[in-house]
Amino acid sequence: MAGAGRLAHRRSAAARGHTVSGVAGRPPRPRALPPRARGFTLIELVTSFVVFALAFGVLMEIATSSMRAARRSAAYTQAALLAQSQLDAVGIGAPLVDGRDNGRYNEDYDWELDIRKSEPPPASDGTLETGIVDLYRIELVVRWRDGSREQSASFVTLRAQQPGADQGIKGG
């Protein structure tokens, strides 16, 4: 009957999911796990972490350079808008005269204006026509700081003015 008890013990152990050794007194041998259920090796984990860290670093650099470019573009656009506003007003209400002037738009942007009388371009036959209009070259340089570097943008235009307009119109 002793054999029957041992057989019953084996059946109950098998029912509980344990493997039962055929030899009495030996612990049961563990079942081999399928290859997918074993998990990752240390090398695989380290490799995946390095790949993730490199990809994250590249993405952060892309995001940083994109934000820097957007900030630089916004600053240049602001300078262009300020310059357009000032250039629109030059020669309105007061005659154009040769000279230099400078000032500040606000705490971030400075400007420097240079007005010079210019020779008109030659006619198609190569002769110079004079007396029709005085032509002035107007250059406006806008400066601002972008971090530790100074940035600038230069805007140049030509304006025509009737000769003698700087003396004013004399009534008769």
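Residues numbered from 1 in each chain as written. Predicted model: local features only at pLDDT ≥ 70, side-chain atom pairs only at ≥ 80, totals over all residues. Heavy atoms only, no water.

### Side note on the sheet that holds strand β1 (residues 99-104)
Here is step 1: In spatial order, the strands read β1-β2-β3-β4; together these four strands make up an open sheet with antiparallel pairing. The two strands at the open ends of the sheet, each matched to only one other strand, are β1 and β4 (149-161). Geometrically, the sheet is characterised by an average inter-axis angle of 15° between neighbouring strands, direction not taken into account.
Here is step 2: Of the pairings in the sheet, the one linking β1 to strand β2 (residues 109-118) comprises six bridges and is antiparallel in character. Its bridge partner being in β2, N102 is matched across the sheet by E112. (Pairing = 2+ DSSP bridges. Helix = DSSP H or I, 4+ residues; strand = E, 2+ residues; numbered from the N terminus. Axes fitted to C-alpha atoms, helices over the stretch in contact; angles between N-to-C directions.)

### Some words on helix α2 (residues 42-89)
Here is step 1: With 48 residues, α2 extends 71 Å from end C-alpha to end C-alpha; this agrees with the ideal 70 Å at 1.5 Å per step.
Here is step 2: Among all positions of α2, only A75, A79, L82, A83, Q86 and L87 are buried.
Here is step 3: In this structure, the buried residues of α2 make contact with β2, β3 (134-146) and β4.
Here is step 4: Phi turns positive, to about 85°, at G91, one or two residues after α2. (Expected span 1.5 Å × (residues − 1). Buried < 20%, exposed > 50% of the residue type's maximum accessible area, 1.4 Å probe, protein only. Contact = heavy atoms within 4.5 Å.)

### Things to note about the environment of L113
Here is step 1: Among the structural elements, L113 can be located in strand β2.
Here is step 2: A residue is classified by how much of its surface remains accessible, and L113, at 8% relative accessible area, is buried.
Here is step 3: Linking L113 and V156, residues 43 residues apart in sequence, is a C-alpha distance of 9.8 Å.
Here is step 4: When neighbours within four sequence positions are excluded, L113 is seen to be in contact with Q86, V90, G99, R100, D101, I138, E139 and L140.

### Focus: the packing of aromatic side chains
Here is step 1: The full count for this structure, using the stated rule, is five aromatic pairs.
Here is step 2: Both rings, one in F52 and one in F56, keep their centres 6.1 Å apart while their planes meet at 20°; by these two values the pair is stacked. With F52 and F56 both in helix α2, this residue pair falls four residues apart, about one helical turn.
Here is step 3: On the accessibility criterion, F52 (52% relative accessible area) is exposed.
Here is step 4: Relative accessible area serves as the criterion here: at 47%, F56 is assigned to the partly exposed category. (Phe/Tyr/Trp six-rings, centres within 6.5 Å; stacked < 30°, edge-to-face > 60°.)

### A few points about the side chain of D114
Here is step 1: Following the sequence through the fold, D114 ends up in strand β2.
Here is step 2: Note on D114: relative accessible area 14%, which makes it buried.
Here is step 3: In terms of polar contacts, D114 uses its side chain to reach the side chain of R116, at 3.3 Å.
Here is step 4: In this view, D114 contacts G99, R100, R137, I138 and E139; residues no more than four positions away in its chain are not counted. (Polar contact = N/O pair within 3.5 Å; in protein donor to acceptor, adjacent residues only side chain to side chain.)

### Some thoughts on a nonpolar patch on the surface
Here is step 1: A cluster of nonpolar side chains, namely F40, L42, L45, V46, F49, V50, F52, L54, F56 and M60, defines an oily patch on the protein surface of about 1,100 Å² accessible area.
Here is step 2: Tracing the backbone shows L45 in helix α2. (Patch = residues over 30% accessible without salt bridge, like charges linked within 9 Å, V, L, I, M, F, W, Y side chains within 5 Å. Areas by Shrake-Rupley, 256 points an atom, 1.4 Å probe, with all protein chains shown as cover. Salt bridge = Lys/Arg side-chain N within 4 Å of Asp/Glu carboxyl O.)

### Thoughts on the side chain of Q161
Here is step 1: Along the polypeptide, Q161 turns up in strand β4.
Here is step 2: With relative accessibility at 10%, the residue Q161 sits in the buried group.
Here is step 3: From its side chain, Q161 meets the backbone nitrogen of L96 in a polar contact 2.7 Å long.

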